[in-house]
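Descriptive analysis of the structure
Residues per chain, in single letters:
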Amino acid sequence: MHRLWSELRFRLRALFARSAMERELDAELRDHLERETEKLVRSGLSRAEAERRARASFGAVGGIKDDARDARGLVWLETAVQDIRYALRGLRTRQSFAVGIIAALGLGVGANAAMFGIVDRLLFRPPAFLRNADLVHRVYQHRRSELEVSTDRNFAFPVYLHVQQLTRSFDRVAAFRTIPRAVGEGQGTREVQVTMASAEYFDLFDVRPVLGRFFDASDVRGPDGAPVVVLGHAYWQTEFGGRTDVIGEQIRVDRTLCTIIGVAPEGFVGVSDQGVPALYMPITTYAFAMRGAQYRSFYGWSWLEMVARRRPEVSVGAAQADLTEAFRQSWRLRDASEPGWGSVDDTQPRGELGPIQLNRGPLAGPEAMVALWVSGVGVIVLLVACANVANLLLTRAISRQREIAVRLALGVSRGRLVRQLLTENLVLAVLGGALGVALGHWGAMTLGALFLPDDVPAEVMTDGRTLVVAAVATLAAAIVTGLAPAIQAGRTDLATTFRTGVREGTTPRSRLRTALLVFQAALSVVLLIGAGLFVRSLHNVRSYRLGYDVEPVLFAWANPRGTELTPAERVAVVERMLETARAVPGVTHAALAASVPFFSIEGRGLEVPGVDSVSRRGHFILQAASPDYFATLGTRIVRGRAFDDRDAANAPPVVVVSEGMARALWPGRDPLGQCIRILYGPAGSGDGSPCTTVIGVAEEARVRSLADPRDFVYYVPLAQYPDPPDGQVFARVTGDPASRMADLRRALQDIMPGAAYVKVFRLSQLVDPNLRAWKFGATVFVAFGGLALALAAIGLYSLIAYNVAQRRHELGVRMALGASAGQVMRLVIVRGVWLAGTGVAIGVAIAFLAAPQLASALFRATPRDPVVFGTVALLLIAVAVVASLVPALRASRVAPHTALRTD
Amino acid sequence: MSDRLDLPQGTLDLLILKALSLQPMHGWAISERLHQVSRATLQVPQGSLYPALHRLERKGWIKSRWGESDNNRKAKYYELTRAGRAQLAAETEAWERLTAAVSLVLDMG
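Throughout what follows, the structure given in this document is the object of discussion. A quick note: this is a predicted structure, and the numbers were derived from the prediction, not measured.

The rules we used
Residues numbered from 1 in each chain as written. Chains lettered and ligands numbered in written order. Predicted model: local features only at pLDDT ≥ 70, side-chain atom pairs only at ≥ 80, totals over all residues. Heavy atoms only, no water. Disulfide = S-S within 2.5 Å. Helix = DSSP H or I, 4+ residues; strand = E, 2+ residues; numbered from the N terminus. Buried < 20%, exposed > 50% of the residue type's maximum accessible area, 1.4 Å probe, protein only. Axes fitted to C-alpha atoms, helices over the stretch in contact; angles between N-to-C directions. Parallel < 35°, antiparallel > 145°, perpendicular 65-115°, else oblique. Contact = heavy atoms within 4.5 Å. Nonpolar A, V, L, I, M, F, W, Y, C, P; charged D, E, K, R; others polar. Phe/Tyr/Trp six-rings, centres within 6.5 Å; stacked < 30°, edge-to-face > 60°. Salt bridge = Lys/Arg side-chain N within 4 Å of Asp/Glu carboxyl O. Polar contact = N/O pair within 3.5 Å; in protein donor to acceptor, adjacent residues only side chain to side chain. Pairing = 2+ DSSP bridges.

**Quick notes on the state of the cysteines**
Residues and elements named next belong to chain A. Scanning the entire structure with this criterion turns up one disulfide over all chains. Covalent S-S linkage joins Cys675 and Cys691, the inter-sulfur distance amounting to 1.7 Å. On the criterion of sequence distance, the pair formed by Cys675 in strand E18 (residues 675-679) and Cys691 in the loop between E18 and strand E19 (692-698) is long-range, its members being 16 residues apart. Using a relative accessible area of 14% as the deciding quantity, one classes Cys675 as buried.

In structure tokens, the structure reads:
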């Protein structure tokens, strides 16, 4: 006890009365030396000789002080504080060096933090509040059709009921769907995300409402469900000002007037990937409002997603087998009530339990794959940054060689010296890491906003996981980059350093620096080649002819919002919409259409005389449109003619097919005049359908996916299309499409009946989300590749400049012996280009081997594109020449006599 | 030089404690005392005395105070604490047992 107290007191004093103790120590040692000197003087030595001997027999004062301090036990805290002070002082005097390192580390760490934020969000993080995330699965169904095996995650309501009733492996099976709904009254109506959920949905989460309650089985039960909603926290804050008395108030969702029964807590978004839900309502309430009681047994409306929580004692395999059995049974029931979709043996439905994160499941989007690639890129950028920092530190270590030697000579222990150098690196790293977190935050926000599906980008980037990653990256970088110079410093050989000056004994370091530089150049080449491939990909996507014009086309969509209209009234409304749209200034063409690219696609069964199993030959997409459609969208007719006003309801039915469809159905034959039967009625009633004659061939159009070559579109006149039209209008405009949008919306809204309202999109708004992955890849690769190139260029410049400084003497000799300025310059530049060239060769080799892996993330770009490879190689060599030019000029101006005289 | 011995590891502490058990002393006096008493046989590097003193103080075996020495000079005096005395006794005993044992072994042939 006593010892502990004494130790504590001593240490506290050591810590807080530091300078007093330091003075005491000085005084004590001085006292000793004086006494020893006096003793020696008394024995007959001269004063000066006595002082010298006293010091000699005492040993190095600095080292002894250090040891005494260590013995006092202020080892780590005090020396750390001291080292940090020392480091900061040192950095202040070498600002550009410090800024260079902090910037390099900041960029490296920032790139990784940003990428981790996004990859974590896409792939790893389970939804907030989810209980036992590894037991909770998304439910998928694989099914065989004539064309392919397709995978689905949307199910009809009866299938959900079957899975719930027929499986034993799950303790909860929840169904949900998040879609935009019209919420509010009159002018205040807004479209907001609404999650329709079954009662089990909330049971999956460890979550309590902040107000009121969630809906439960009694609200969801029955065909019609209870008209109740739970508010999302953010919506409650913005629309209700966070009032605590909202419970019991009413809010209109579509046509249904609902009572607010609760408020979800902050940060809760459910399983949703479709943005932050503003409201939660029972699935049954919504389904009943949409389809009446028939939704419970109707298989044609696949709208629900399913999430199941496996019982802990059941393995994934067993649960999947159970699920598959339920799907098969469900299919038999379907086949019995709605025949015509194939037997169980034909379709072989199979269940899959995927991870809760959509992007790790079988239906992952291209974003996830590209994000993974890009996070690899982040690591490479960090490596390049580390190489750069290590290089700067080595340069610094070399220029500090004398300082270090002097301090060693003064008796500073090597351990202490290494510790001090490491501290300096750590200070740099912490500053760099802080910068990195800031950059990463900003980067993740920017990238997330641009490229993540409309989701919850903002708050996820500041969380602990990303910070931990940033901290680990920083620390790793500090240790990796700091160790080599520190070890070198610890090894400094005093005698050599003092004897020869700095010029000698630096070769091994120089070799290490060269290796680091080549490594940097190689990685930059790899990144830039990746960037080049993605840019080409993006360019290919952008310049890819979709089969229609995107930029000048607007799309207006009328949401009837429950306004009941007879088919005749609907026809009248859409006709009036078409007339109104045409009359808007700046609109050159307008057309009605049943299918909208990447928005809603129609399809019907097809029979073609003389062709078996039509559906095995492709996906046939039906477009029913008014005569101006081709002019409006800019889709070109390749052969024959487009339909026009002649092709009225009572005229002979006609169709325009796409080139690919013509080739698939009538290979080697003239498609014009051929007959197809479009099965507008129930399946299997084809014989009664009239022959629809092919009158034209249109260019290929991509309306469902960018790349699937088996998507074929065929076009029929809207007048001959039996279903009542939807309020979907395309308009081709001149001038700035964005400014026409408001005009078009206003004009159409004026003629809307009842509560119906109009939304206007640019066609590019529908198409662009499909380009997101490539844009993301191209942007990030280019940004990171540029970053790496800049870092490598700076590294090359500093190495060459340093070499020139080191070789001043030699260059002076050369010039004294008659070398011209040009020859000296060439000498320097050749060295720079040789270094870069080695890096390029290595980088190109790596890229050549790795590129094919990238193929699946590219769009119609060859992974080993020689143009990209060649451009990048030339670019790097050019950068090397430029980076060597300044030092080369300096070298050519070396005046022989000064160089020889000064060193 | 060959008749001087380097101190075995860890014995410096024991010698300091022993020296201080007679009377409080300042650092230089301790080094002189060790030098004289051992008849200049023991080689105590003067500098290494101070880290040892500070270590012993931290352990609470000795304590220090500034005091007047001869001709009004200030010096830092060290003296043994009660814990230091106990430690000295324990270490002395351990040392004697060690040397006795070593002698026995050396005497066996």
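**Focus on the packing of helix H1 (residues 11-22) of chain B against helix H2 (residues 27-37) of chain B**
All names here are of chain B. Running from amino to carboxyl end, H1 crosses H2 at an angle of 100°, the nearest separation of the two axes being 10 Å. By the criterion of interaxial angle, the relationship of H1 to H2 is roughly perpendicular. Contacts between H1 and H2 involve Leu12, Leu15, Ile16, Ala19, Leu20 and Leu22 from the former and Ile30, Arg33 and Leu34 from the latter. For the contact of H1 with H2, the per-class residue count stands at eight nonpolar, no polar and one charged.

**Points about the packing of aromatic side chains**
Residues and elements named next belong to chain A. Per the counting criterion, the structure on display carries 32 aromatic pairs over all chains. Between the aromatic rings of Tyr286 and Trp303, the centroid separation amounts to 5.4 Å while the plane-to-plane angle is 50°, which identifies the pairing as tilted. Here Tyr286 is found in helix H11 (residues 283-291), whereas its partner Trp303 is found in the loop between H11 and strand E10 (305-310), with 17 residues between them in sequence. By relative accessible area, which is 6% here, Tyr286 ends up buried. Taking relative accessible area as the criterion, Trp303 reaches 2% and is therefore assigned buried.

**What about the interface of chain A and chain B?**
Across the boundary between the two partners, chain A contributes 28 residues, which contact 24 residues of chain B. On the surface where chain A and chain B come into contact, there are five salt bridges. In this structure, Glu28 of chain A and Lys76 of chain B form a salt bridge, with 3.8 Å as the shortest nitrogen-oxygen distance. Remark: the boundary between chain A and chain B carries seven residue pairs in polar contact (both at pLDDT 80 or more). Residue assignment for the side of chain A that touches chain B shows that the elements contributing at least two residues are helix H1 (2-16), helix H2 (18-42), helix H3 (47-58) and helix H4 (61-72) of chain A. The biggest single contributor to the side of chain A that touches chain B is H2 of chain A, with 13 residues. Residue composition of the side of chain A that touches chain B, grouped by class: eight nonpolar, five polar and 15 charged.

**Considerations on the pairing of strand E5 (residues 74-80) of chain B**
All names here are of chain B. Across the seven residues of E5, five count as buried, placing the element largely inside the fold. Both strand E2 (residues 25-26) and E5 contribute to a ladder of two bridges, which runs antiparallel. In the sheet register, Met25 faces E5, and the bridge partner there is Tyr78. Inspection of the sheet shows strand E4 (residues 62-68) paired to E5 by seven bridges, in the antiparallel sense. Paired with Lys63 across the bridge in E5 is Glu79.

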